[in-house]
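Next come the chains, spelled out residue by residue.
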Amino acid sequence: MIRVGINGYGNLGRGVELALTHASDMEAAVVFTRRSPESVTTLGTPVAHVDDMGAYVGKLDVVINCGGSATDLEAQGPAVTSLFNTVDSFDTHAKIPAHFAAVDDAARAASTLALISAGWDPGLFSMLRVLGEAVLPTGSTTTFWGPGVSQGHSDAIRRIRGVVDAKQYTVPVAETVAAFKERRDVELTPRTMHQRVCYVVAEEGADLAAIERAIVEMPNYFADYDTTVNFVSADVLAVEHRGIPHGGQVIRSGSTDDGVGETITFQLDLDSNPEFTGSVLVAAARAVARKAARGQTGAITLFDVTLAELSPLSDEELRAHYL
């Protein structure tokens, strides 16, 4: 059995623990938390404080870091990799090279192995972008996100004066998606590719027009998109928008000869973003444990992992049933 530590127990940490219950060759050995361990209720996995990680060195095959990219993973990655083999879902695209370098330094110094950015984007979508371009070198690739909840954009709305709660959905523009798949000329800009749909609970007596204006004019978040603002009650938000769905698709549109068009599409429709991301991290942790057992060290990404290493099945089973 591959023994897994879970570092952090928010939505993603719970998703990882749930995914491990579906992995017959892996087990959740411990959850590390910054909170009081007695206050954390898991699905049955023992809980320890992060300050006690050192006591588990040599007892875990891999630790999955479940902190956020904005503040946690840049510090967690190198620190935990100095003790264990690790996996994370770092998703700040522009900072990935720097994060990789920092984790690689820590892993090489400690002779551990670390796989970074193993979510679905970056992660699975990254793999499909590379595969699409390798198979169809003449063409273009684009990625559409959603429909799904953008947690960062939702938080931005909640910070507006007069807003009690909010959720924002990113929705691909169907006409643009269809045009790109059909290899028609189409303008690809934030406004033509995605819409923003907001559901907002406002304080009683708040200026709704001012809130809506603050949302649709917000730079870097909404100003470049067609944005719809819907004011709803707290009960409606809690009942009709309680989940964290997401998804998207990577499309490679190209040609193999004059007048011969080809399209590759990879699409995700997710009821639970954190549960699916947790499932990707668990598969990645399996690959890390296997590579580490063979002596590999340093930092890697999903580009460096084979499908066989991600799968719990043997090479013989894969050849017999999946090839």
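**Overview of the sheet that holds strand β7 (residues 139–145)**
Alright, step 1. The 3 strands lie next to each other as β7-β12-β13, forming an open sheet whose pairing is antiparallel. Edge positions in the sheet fall to β7 and β13 (260–270), since each has one partner strand and no second. Adjacent strand axes in the sheet meet at a mean angle of 10° when their direction is disregarded.
Alright, step 2. Bridge count for strand β12 (residues 246–257) against β13 is 11 bridges, and the pairing is antiparallel. Paired with H246 across the bridge in β13 is L270.
Alright, step 3. The sheet strands contacting helix α4 (residues 124–135) are β7, β12 and β13, and the helix crosses β12 at an angle near 5°.
Alright, step 4. Against the sheet, helix α6 (residues 174–181) touches β7, β12 and β13, its axis set at about 30° to β12.

**A closer look at the pairing of β12**
Alright, step 1. When you tally the buried positions in β12, you get 9 out of 12 residues, the bulk of the element.
Alright, step 2. Examined bridge by bridge, β7 and β12 share 7 bridges and lie antiparallel to one another. Bridge pairing links F144 to Q249 in β12.

**What to know about unusual backbone geometry**
Alright, step 1. In this chain, D121 is followed by P122 through a cis amide linkage whose omega measures 5°.
Alright, step 2. The residue P122 is located in the loop between β6 (113–115) and α4 in this model.
Alright, step 3. Of note, the phi angle at S111 is positive, near 60°, even though the residue is not glycine.
Alright, step 4. If you trace the backbone, S111 turns up in the loop between α3 (96–110) and β6.
Alright, step 5. Despite not being glycine, R183 shows a phi value in the positive range, around 60°.
Alright, step 6. Turning to its location among the elements, R183 is positioned in the loop between α6 and α7 (190–193).
Alright, step 7. Residue class for R183 comes out partly exposed when judged on its relative accessible area of 41%.

**A word on the environment of T71**
Alright, step 1. Along the chain, T71 falls in the loop between β4 (62–65) and α2 (73–81).
Alright, step 2. The exposed category is assigned to T71, whose relative accessible area is 63%.
Alright, step 3. Expressed as a C-alpha distance, the spacing of T71 and P122, which sit 51 residues apart in the sequence, is 17 Å.

**Topic: the environment of G77**
Alright, step 1. Tracing the backbone through its elements, the reader meets G77 in helix α2.
Alright, step 2. Here the alpha-carbon distance between G77 and V87, two residues 10 residues apart in the chain, equals 8.4 Å.

**Some words on the layout of surface pockets**
Sizing a probe to match a water molecule and rolling it over the atoms shows the empty space that remains.
Alright, step 1. Taken as a whole, the largest pocket encloses approximately 1500 Å³ of empty space.
Alright, step 2. What lines the largest pocket is a set of 48 residues, and nearest its centre among them are S69, D91, Q151, G152 and N273.
Alright, step 3. Those elements that place two or more of their residues in the lining of the largest pocket are α1 (11–20), β2 (26–33), α2, α5 (151–158), α7, β10 (194–202) and α10 (273–293).
Alright, step 4. There is about 190 Å³ of room inside the second largest pocket.

**Regarding α4**
Alright, step 1. In this model α4 runs 17 Å from its N-terminal to its C-terminal C-alpha over 12 residues, within 8% of the 16 Å that 1.5 Å per residue would give.
Alright, step 2. Buried within α4 are the following residues: L124, F125, S126, L128 and G132.
Alright, step 3. Of the surrounding elements, those touching the buried residues of α4 are β7, β12, β13 and α10.

**Some details on the sheet that holds strand β14 (residues 298–300)**
The strands that make up a sheet are held in pairs by hydrogen bonds between backbone atoms, and each pair lies either parallel or antiparallel.
Alright, step 1. With respect to topology, 7 strands assemble into an open sheet ordered β3-β2-β1-β4-β5-β6-β14, the strand pairing being parallel. At either margin of the open sheet sits one strand with a lone partner, and together these are β3 (47–49) and β14.
Alright, step 2. Here β6 runs beside β14; their pairing, made up of 3 bridges, is parallel. Looking at β14, one finds that A114 is bridged to A299.
Alright, step 3. α1 contacts β1 (2–7), β2 and β4 of the sheet and is inclined by roughly 165° relative to β1.
Alright, step 4. Relative to the sheet, α3 contacts β6 and β14, its axis offset from that of β14 by approximately 140°.

Conventions used here
- Residues numbered from 1 in each chain as written.
- Predicted model: local features only at pLDDT ≥ 70, side-chain atom pairs only at ≥ 80, totals over all residues.
- Heavy atoms only, no water.
- Pairing = 2+ DSSP bridges.
- Helix = DSSP H or I, 4+ residues; strand = E, 2+ residues; numbered from the N terminus.
- Axes fitted to C-alpha atoms, helices over the stretch in contact; angles between N-to-C directions.
- Contact = heavy atoms within 4.5 Å.
- Buried < 20%, exposed > 50% of the residue type's maximum accessible area, 1.4 Å probe, protein only.
- 1 Å grid on protein atoms, 1.4 Å probe; cavity = no way out; pocket = protein on both sides within 12 Å on 5 of 7 lines; lining within 4 Å.
- Points joined across faces, edges and corners; volume = space filled by probe spheres on them.
- Expected span 1.5 Å × (residues − 1).

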